[in-house]
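# Secondary and tertiary structure notes
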Amino acid sequence: MSRANLLAMMLLLLLLGLWETGCRIFEVPVFILPPPSAILSTAVTKAPLILPHALTTGLEIVCGIGLALVVAIPLATGMFAWDWLEKALSPFLVASQAIPVFALAPLLVVWLGYGVASKIFMASIIIFFPITVSLLEGFKGCDREFRVLFRLMGAGFWQTMRLLYWPWALPNFFAGLRVGVTVATIGAVIGEWVGAQRGLGYLMIQANARLKVDLVFAAILWLSVMGLLLWFGVGWLEKRSIPYKEFKF
Amino acid sequence: MLSVSGLTKVFAQQLVFSRFDLAVKPNRIAVLLGPSGCGKSTFFDVLTGVVRADGGSISWQGQELVHLGGIAAYMHQKDLLLPWFSLVENSLLPARTAAEDLKAARIRVDTLFDRLGLGGYQEHYPHQVSGGMRQRCALVRTLMFDRDLVLLDEPLSALDSITRKSLQSLLLLLQSEFQRTMVMITHDVDEALLLADDLYLLSACPMRIIERIRLRADKPRRFDDPELLALKNGIMKKLEADGDHVQG
């Protein structure tokens, strides 16, 4: 283990230790702030209760990311291929970011119902923008000399897209996706807070209302672990797709 | 033979070059030497088709063309190898984009790899081999374009002396053994003197040829050749007198 990792681990243990001892010494009621040990035991013992909700939220996040990709990849490609399309669409893209998307959550529930659809939609409209923009920037960042090379080879646009621009933009794509997966989690949970029948966000609201704060924290713990898994999943995928990442041109 | 006649380009209402003429004979290296911003890059952009000329014509082997895309090969001081392709895949790119028979092309690549000391490294990736090997792989790719005309974009400037020397010898190989005609742009006097057969000194705004110098065919040349040093001093004086700063 590296020195930095060791330090991070020690800091975490210190914080948890302070929290645990603080709760015990000052006899903080569990319905205000439960100690980490209680949260962990709730997260484990209540797993049969939490798991179905976690699966729902996970499904929403993954589908939200999928939907965002299905829109973002063709959109970024099209905007790169046709200048006029970028000029026509970029004001709308920027304007869409000016809308506080979370404020749309109640409307989405009205339009799409209490089921998973409104949450999937919520997650995807938040993350499709960073993915589109980073992918487009990646395409545009391709060095001039490489473009000249492909031009002189007589390669057409779509061929150049496949052989040059797309692999070139992959690191940017993954950077966007990394941001995306974290934000998608927030989107799904907020969607569930507003109105849902299942999901970790729904569970948190229910538990909170009944002052089961340990369950709220347990749900947060599950959510964090899911977020971390997604984060590392993207990292793993990136490493698989770009084994030459350290390479300098 | 490449011939450019009456080429004109206006950019933001400023004349970059006007009625520019150039004729490059087969199997020679024509070098356009001028200060940064003199318009030589725009001239290259017109040749490669990145921008359209506002007048004049480009012709290759007597045939008039809009630009040289699909006609000329390209070499740069960077090897321009794509890190997501192996060396052999990089070398096969020209054949792939031209939709040639890849099996036949692969045989040609393998022969060239053996010839240039890259045999056995076909499946290696660019980041796994040395800079010199990458340069040679770039040369194989240039040869796989299978074109008699090669455009060189400041091929040696800003390279360290060892890399520069190895690339210089590869470029001379391209000329002597593979009989290619080359057009090169640069702002680096040393680089121009090492490679040129015909050296064109350029002035800026609008770009025009101040002087054409024919060099003796005694390659590879050395920097410390007194004749070359004298020539270099003369060139520096002319370019400085023209009012622009030249690196070198």
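Per chain, the residues get numbers from 1 upward, laid out in the order the sequence is written. Chains and ligands are labelled by the order in which they are written, letters from A for the one and numbers from 1 for the other. Side-chain atom pairs in this predicted model are given and counted only at pLDDT of 80 or more, local residue features only at pLDDT of at least 70, and totals for whole chains, interfaces and linings cover all residues. Heavy atoms throughout the structure, all of them, feed into the side-chain values; hydrogens and water do not.

## Re the overall build of chain B
Spelled out, the test is: Secondary structure follows DSSP: runs of H or I at least 4 residues long count as helices, runs of E at least 2 residues long count as strands, and numbering of each begins at the N terminus. Each radius of gyration is computed over the set of C-alpha atoms, and the globule rule expresses the reference value as 2.2 Å times the number of residues to the power 0.38. Burial classification: accessible surface area is computed with a 1.4 Å probe over protein chains only, and a residue below 20% of its type maximum counts as buried, one above 50% as exposed, and the rest as partly exposed. Note on contacts: a residue pair is in contact if any heavy atoms of the two residues lie within 4.5 Å.
Along the backbone of chain B there are seven helices and ten strands. By the compact-globule yardstick of 18 Å for 248 residues, chain B fits well, its C-alpha radius of gyration being 18 Å. Projecting the C-alpha coordinates of chain B onto the three principal axes gives extents of approximately 50 × 40 × 30 Å. Relative to its 248 residues, chain B shows a buried fraction of 53%. Taking the contacts inside chain B whose residues are at least 6 apart along the sequence as the reference set, 67% of them involve residues at least 24 apart.

## Observations concerning helix α5 (residues 161-176) of chain B
Condition: Multiplying 1.5 Å by the helix residue count minus one yields the expected span of that helix.
With 16 residues, α5 of chain B extends 22 Å from end C-alpha to end C-alpha; this agrees with the ideal 22 Å at 1.5 Å per step. Among the residues making up α5 of chain B, those that are buried are Arg-164, Leu-167, Gln-168, Leu-170, Leu-171, Leu-172, Leu-173, Leu-174 and Gln-175 of chain B.

## A closer look at the side chain of Glu-191 of chain B
With respect to the helices and strands, the residue Glu-191 of chain B is situated in helix α6 (residues 189-195). The contact partners of Glu-191 of chain B, leaving out residues within four places of it in the chain, are Glu-154, Pro-155, Leu-156, Ser-157, Arg-164, Met-184 and Thr-186 of chain B.

## A word on the interface of chain B and chain A
Convention followed: Here the quantity called buried area is the total loss of accessible area, with a 1.4 Å probe, experienced by two parts when brought into contact, counted for both. The rule for a salt bridge is simple: a side-chain nitrogen of Lys or Arg has to be within 4 Å of a carboxyl oxygen of Asp or Glu. Between N or O atoms, a polar contact is any pair within 3.5 Å; within protein, one atom must be a potential hydrogen donor and the other a potential acceptor, and residues adjacent in sequence are included only when both atoms are from side chains. Polar here means any residue outside two lists: the nonpolar Ala, Val, Leu, Ile, Met, Phe, Trp, Tyr, Cys and Pro, and the charged Asp, Glu, Lys and Arg; Gly therefore counts as polar.
Listed as interface residues are 33 residues of chain B and, on the opposing side, 21 residues of chain A. Summed over both sides, the interface between chain B and chain A buries roughly 2300 Å², with carbon and sulfur atoms accounting for 70% of that surface. Counting the surface chain B buries against chain A, the share from its top three residues, Tyr-74, Trp-84 and Thr-97 of chain B, is 27%. Remark: the boundary between chain B and chain A carries four salt bridges. In this structure, Asp-153 of chain B engages Arg-144 of chain A in a salt bridge whose closest nitrogen and oxygen atoms are separated by 3.9 Å. Here chain B is connected to chain A by six residue pairs in polar contact (both at pLDDT 80 or more). Of all the elements in the fold, those that place two or more residues in the side of chain B that touches chain A are α1 (40-48), β6 (72-76), α2 (87-97), α4 (131-144) and β7 (149-153) of chain B. Of the residues that constitute the side of chain B that touches chain A, the class distribution is 17 nonpolar, nine polar and seven charged.

## Topic: the pattern of salt bridges
All names here are of chain B. By the definition in use, this model includes 20 salt bridges over all chains. The partner of Glu-123 in a salt bridge is Arg-106, and the shortest N-O contact between them spans 3.7 Å. With Glu-123 in the loop between α3 (102-115) and α4 and Arg-106 in helix α3, this pair connects stretches of sequence that are 17 residues apart. What you see here is one network of salt bridges that share partners, running through Arg-28, Asp-198, Arg-212 and Arg-214.

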